[in-house]
Amino acid sequence: MNRTGMNRTGMNRTGVVVVTYNSGEVIERCLDSCANLPAVVVDNASQDNTVELVRRRPSVKLIANPSNRGFAGAANQGVAALDTEMILLLNPDVELQTPVDALADACGGENVGLATGKLVDSDGKVQTGFTVRRFPTPLTLAFEVLGINRLLPWNPSNRRYRCLDLDLSKPAEVEQPPGAFLMFRREVWQRLGGFDTQFHPLWFEDVDFVKRARSLGLKIQYLPEITARHQGGHSIAGMEWGCREVCWYVSLLRYASKHFRPYAYRGVSAAVVLGSLVRAIIGMIRRRSFRPVQVYAKIARIAGFGLISGHVRQLKCSSSYSKAAG
């Protein structure tokens, strides 16, 4: 394998998929960083100049969706449009700093299907707590929605979840790499039936994907020598606060419903209800508005349904939310 990602037969082994939504400020740097690899950009109905900028690059395949299909749906479109053995999923605010051949080699290892590298910020500092995580447990998510992980970040549950005990300078087998910088074999994506589009418009679809991959017995490798710069927060920058809150909680509850036992899911739902009451009061005071009460009342109703029924409602964020995320 050479720096261009070509195998001995001269065929491209690795391709890149980037999902965009109003990504005009960052997409060119992302594509410049992976210019030696075949790439597909799937745009979720951007309102800025993202599509125009991508069209200037004839080597990049563009899929311009007329409406926002969500991250999972767009990622599936991109993977299907590539004919490479390995897929590198990148956020538009990620810039590769090293070749990714070693990630492809790792994915081809015995019982390995996915791999990731080290994400750093603009100052070159590793993004601890995001670069890799462990799978969330019911306790983890309960602490998350109750704000305990924010108030007491060094609690054992949060340290475990965000891998604060892991030396990120060393290679390791990991559980949950981020979808912002994730390589996987096409065959794995096919076996899993792609990303679950019920996680709409975004959040937890990548966690669900790697969780299901691990359930197949596949290993996930972390290689710190492969690095990428990550701006962070780009995909939600233009998302209205209330929309963002509702969508995040809906996806969290969907993940909990899908992967936890009913009693554990009810526990997470109860934590969401309690946390919503507290956040509504604090938000109303801070914002001097009743908007937080409206937002968290909706979240509490969704979680309350799960608390009673033991499963999440078949609910997607409204079209207004969908237009605000990519």
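Everything below is about the structure printed above this text.
Everything numeric in this text was worked out from a predicted model, so none of it was measured.

Here is what the cut-offs are and how they apply
Residues numbered from 1 in each chain as written. Predicted model: local features only at pLDDT ≥ 70, side-chain atom pairs only at ≥ 80, totals over all residues. Heavy atoms only, no water. Patch = residues over 30% accessible without salt bridge, like charges linked within 9 Å, V, L, I, M, F, W, Y side chains within 5 Å. Areas by Shrake-Rupley, 256 points an atom, 1.4 Å probe, with all protein chains shown as cover. Salt bridge = Lys/Arg side-chain N within 4 Å of Asp/Glu carboxyl O. Helix = DSSP H or I, 4+ residues; strand = E, 2+ residues; numbered from the N terminus. Core = buried A, V, L, I, M, F, W, Y, C linked by side-chain atoms within 4.5 Å. Buried < 20%, exposed > 50% of the residue type's maximum accessible area, 1.4 Å probe, protein only. Contact = heavy atoms within 4.5 Å. Expected span 1.5 Å × (residues − 1). Polar contact = N/O pair within 3.5 Å; in protein donor to acceptor, adjacent residues only side chain to side chain. 1 Å grid on protein atoms, 1.4 Å probe; cavity = no way out; pocket = protein on both sides within 12 Å on 5 of 7 lines; lining within 4 Å. Points joined across faces, edges and corners; volume = space filled by probe spheres on them. Pairing = 2+ DSSP bridges. Right-handed = clockwise from strand over helix to strand, strands pointing away.

A cluster of nonpolar side chains, contributed by Leu146, Leu274, Leu277, Val278 and Ile282, occupies part of the molecular surface with about 410 Å² of accessible area. At four residues, helix H11 (residues 262-287) tops the list of elements feeding residues into the nonpolar patch. Within the secondary structure, valine 278 sits in helix H11.

Next up on the list: the nonpolar core. Side chains of nonpolar character tend, in soluble globular proteins, to be buried together. One finds Leu114, Phe184, Phe209, Leu253 and Val272 to be the most contacted residues of the largest nonpolar core, which totals 64 residues. Here this core gets ten residues from one element, more than from any other, and that element is helix H10 (residues 241-259). Those residues in contact with leucine 253, other than ones at most four positions away along the chain, are Tyr265, Val268, Ser269, Val272, Ile302, Ala303 and Val312. Core analysis: the second largest hydrophobic core is formed by 30 residues, Leu37, Val100, Leu103 and Ala104 among them.

Here the focus is helix H5 (residues 138-146). Buried within H5 we find Thr140, Leu141, Ala142, Glu144 and Val145. In this structure, the buried residues of H5 make contact with helix H6 (148-151), helix H7 (156-161), H10 and H11. Directly after H5, the chain includes glycine 147, whose backbone phi takes a positive value near 80 degrees.

The next subject is H10. For H10, built from 19 residues, the straight-helix expectation of 27 Å at 1.5 Å per residue is met to within 8% by its first-to-last C-alpha distance of 27 Å. Among the 19 residues that make up H10, 14 are buried, leaving the element largely enclosed by the rest of the structure. Capping the start of H10 is the job of one residue whose side-chain oxygen sits 3.0 Å from the backbone nitrogen of glycine 242: glutamate 240.

A word on the environment of aspartate 93. Of note, aspartate 93 is situated in the loop between strand E4 (86-90) and strand E5 (94-96). Judged by its relative accessible area of 5%, aspartate 93 falls in the buried class. Expressed as a C-alpha distance, the spacing of aspartate 93 and glutamate 28, which sit 65 residues apart in the sequence, is 9.4 Å. Contact partners of aspartate 93, with chain neighbours within four places excluded, come to Val26, Arg229, His230, Gln231, Gly232, Gly233 and His234. Within the local environment of aspartate 93, its side chain forms a polar contact with the backbone nitrogen of glycine 232, the two atoms lying 3.0 Å apart.

Quick look at the layout of surface pockets now. By volume, the largest pocket amounts to about 1300 Å³. If you go around the largest pocket, you meet 43 residues; those closest to its centre are Phe130, Arg133, Trp203, Ile236 and Trp248. Elements supplying a minimum of two residues to the lining of the largest pocket: H5, H6, H7, helix H9 (205-215) and H10. With four residues, H10 is the single largest residue contributor to the lining of the largest pocket. Taken as a whole, the second largest pocket spans an internal volume of roughly 390 Å³.

This part covers unusual backbone geometry. Cis geometry is found at the peptide bond from histidine 200 to proline 201, where omega equals 0 degrees. Relative to the helices and strands, proline 201 is located in the loop between helix H8 (186-192) and H9. At cysteine 163, a residue that is not glycine, the phi angle is positive and equals roughly 55 degrees. Position of cysteine 163 among the secondary structure elements: in the loop between H7 and strand E7 (172-173). By relative accessible area, which is 4% here, cysteine 163 ends up buried. Not every positive phi belongs to a glycine, and tryptophan 203 is a case in point at roughly 85 degrees. When you line up the elements, tryptophan 203 lands in the loop between H8 and H9.

Among the six residues of strand E2 (residues 39-44), six are classified as buried, and the element is accordingly described as predominantly covered. Here E2 shows a buried face lined by Ala39, Val41 and Asp43 and a second buried face lined by Val40, Val42 and Asn44. Pairing of strand E1 (residues 14-20) with E2 involves five bridges; the strand directions are parallel. Residue valine 17 lies in a different strand from E2, and its bridge partner there is valine 40. Judged from the six bridges that link them, E2 and strand E3 (residues 60-65) form a sheet pairing that is parallel. The residue bridging valine 41 from the neighbouring strand is leucine 62, located in E3. Where the polypeptide runs from E2 across helix H2 (residues 50-55) and back to E3, its parallel neighbour, the crossover connection is right-handed.

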